[in-house]
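Architecture and fold: a report
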Amino acid sequence: MATSPSSSVQDARKAIAARLREILRDAGLTNRAFARQSGWEESKVSRLVTGRTPPSDTDIRTWCQICESPEEIPNLIAASRNAENTYIEWRRVQRSQKRMQELGKALFENSNLYRFYSSNLVPWPLQVPSYMRAIMTRFSEFHEAPVPDIEEAVKTRLARRRLLDSPSRRCVLIIEESVLRDRPFSDVIMREQLSHLLIGMHQPNISLGIIPSGASRVQKVTESFLIYDDSTVVIELVSAMVNLTQPREIGLYMKCFEDLKKDAVFGHPARALIDSAFEALLD
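The model shown is predicted, which means the values in this text are computed figures rather than measured ones.

Examining the overall build of the chain
The number of helices and strands found in the chain is 13 helices and seven strands. A buried classification covers 48% of the 283 residues belonging to the chain. Of the contacts formed within the chain by residues at least 6 apart in sequence, a portion of 74% connects residues at least 24 apart. Averaging the coordinates of the 38 positive side-chain charges in the chain and doing the same for the 36 negative ones gives two points 2 Å apart.

So this is what it looks like as structure tokens:
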């Protein structure tokens, strides 16, 4: 797995490596002695105890059995899986768009405030089905992974959107004006999408802000991200999805979001930007 830029991932891996070292030390074994008993290369043992390589479930079972600490197996496996789920490479799930839509389902259901910033696409709460379908098709083409269940994935995303029918949930979306004017998909799809924005922005628990192109601003254009309540930040990279849970990192993204919000226009000025982008599609 590629190295993640997130310190959340690295800290979790270091904690697991530290526990492996403790178990090894408590068993009175050196790296060389363990390698001899397990049949592994000593370099593999070194990578595991330093956190350079995350252990597989089988590695953990072998480690704990040789060190005579089988009671450690369930907790270590759970911790390792949690660490690796913080950084999910798209190649692990890209053959099923439906599965990708189900990632983080618990986060959607257990959160009441969603804060989106997007520099490249309309966020999912305000997407129309044709726009969803075009995004998923493009993703499949880019990653060279034919996906048979795009229609099921669209249905799953639409079902997720129904969570926002609850008045207890609120959604704040900030997008760049370029999201309205760029044409990643056909003009037919973009017209349908822009028309829906004009409707969706009036939903009582949804607030849509747009950062005008060329305007003076506090915060520069950054990567797209989503904040669930005050507990988790999700970032979609070209190669992976990163989930941040460290308070320090969450705090930085919340600060970034508030700065982006200051740069955005809402209400009638936002509507005027959408109308202008729609008219440009008719030229």
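Brief notes about the confidence of the model for the chain
Confidence in the prediction of the chain, expressed as mean pLDDT, is 88, and 91% of residues score 70 or more. Scored below 50 in pLDDT, residues 1-5 makes 15 contacts in the model with residues more than four places away or belonging to other chains.

As for the environment of Asn31
Examined against the element boundaries, Asn31 turns out to sit in helix H2 (residues 31-38). Contacts of Asn31, omitting those with residues within four sequence positions, involve Leu24, Glu42, Val45, Ser46 and Val49.

A short note on helix H9 (residues 150-161)
Relative to the 16 Å expected for twelve residues at 1.5 Å per residue, H9 spans 17 Å between its end C-alpha atoms, a close match to the ideal helical length. For H9, the complete set of buried residues consists of Ile150, Ala153, Val154, Thr156, Arg157 and Arg160. Angularly, the buried residues of H9 cover 160 degrees about the axis, an arc narrow enough to put them on a single face. Buried residues along H9 sit against helix H6 (97-102), helix H7 (105-110) and helix H8 (129-142).

Comments concerning the side chain of Ser69
Note that Ser69 resides in the loop between helix H4 (57-66) and helix H5 (73-85). According to the relative accessible area criterion, Ser69 is buried, its value standing at 12%. In contact with Ser69, other than residues within four places in its own chain, are Ile23 and Cys64.

What to know about the side chain of Thr222
Within the element layout of this structure, Thr222 appears in the loop between strand S4 (206-211) and strand S5 (225-228). According to the relative accessible area criterion, Thr222 is buried, its value standing at 13%. At 2.6 Å, the side chain of Thr222 forms a polar contact with the side chain of Glu223. Setting aside residues up to four positions removed in sequence, Thr222 forms contacts with Tyr117, Ser119, Cys256 and Leu260.

Some details on helix H11 (residues 187-200)
One turn of the α-helix equals 3.6 residues, which is why residues spaced by three or four share an orientation. If you check H11, its first and last C-alpha atoms are 20 Å apart, about what 14 residues at 1.5 Å a residue would give, namely 20 Å. Turning to H11, its buried residues are Ile189, Met190, Gln193, Leu194, Leu197, Leu198 and Gly200. Here the buried face of H11 lies against H8, helix H10 (177-181), S4 and helix H13 (267-282).

Describing the packing of H8 against H9
How two helices sit against one another is set out by the angle between their axes and by the gap between those axes. For the pair H8 and H9, interaxial distance at closest approach is 10 Å and the crossing angle is 130 degrees. Between H8 and H9, the angle is such that the two are oblique. Judged by the sense of rotation from one axis to the other, the crossing of H8 with H9 is right-handed. Contacts between H8 and H9 involve Pro129, Met132, Arg133, Met136 and Thr137 from the former and Ile150, Glu151, Ala153, Val154, Arg157, Leu158 and Arg161 from the latter. Here the contact of H8 with H9 is built from residues that sort into seven nonpolar, one polar and four charged.

Observations concerning the pairing of strand S3 (residues 170-176)
Burial analysis of S3 places six of its seven residues in the buried class, the great majority of the element. Pairing geometry for strand S2 (residues 113-118) and S3, over six bridges, is parallel. Across the sheet, Arg115 pairs through a bridge with Val172, a residue of S3. Inspection of the sheet shows S3 paired to S4 by six bridges, in the parallel sense. Of the residues in S4, the one forming a bridge with Val172 is Ser207.

Procedures and definitions
- Residues numbered from 1 in each chain as written.
- Predicted model: local features only at pLDDT ≥ 70, side-chain atom pairs only at ≥ 80, totals over all residues.
- Heavy atoms only, no water.
- Helix = DSSP H or I, 4+ residues; strand = E, 2+ residues; numbered from the N terminus.
- Buried < 20%, exposed > 50% of the residue type's maximum accessible area, 1.4 Å probe, protein only.
- Contact = heavy atoms within 4.5 Å.
- Lys, Arg positive; Asp, Glu negative; His and termini not counted.
- Charge placed at Lys NZ, Arg CZ, Asp CG, Glu CD.
- pLDDT = per-residue confidence, 0-100.
- Expected span 1.5 Å × (residues − 1).
- Arc of directions from axis to C-beta.
- Polar contact = N/O pair within 3.5 Å; in protein donor to acceptor, adjacent residues only side chain to side chain.
- Axes fitted to C-alpha atoms, helices over the stretch in contact; angles between N-to-C directions.
- Parallel < 35°, antiparallel > 145°, perpendicular 65-115°, else oblique.
- Left-handed = near helix turned anticlockwise from the far one by under 90°.
- Nonpolar A, V, L, I, M, F, W, Y, C, P; charged D, E, K, R; others polar.
- Pairing = 2+ DSSP bridges.

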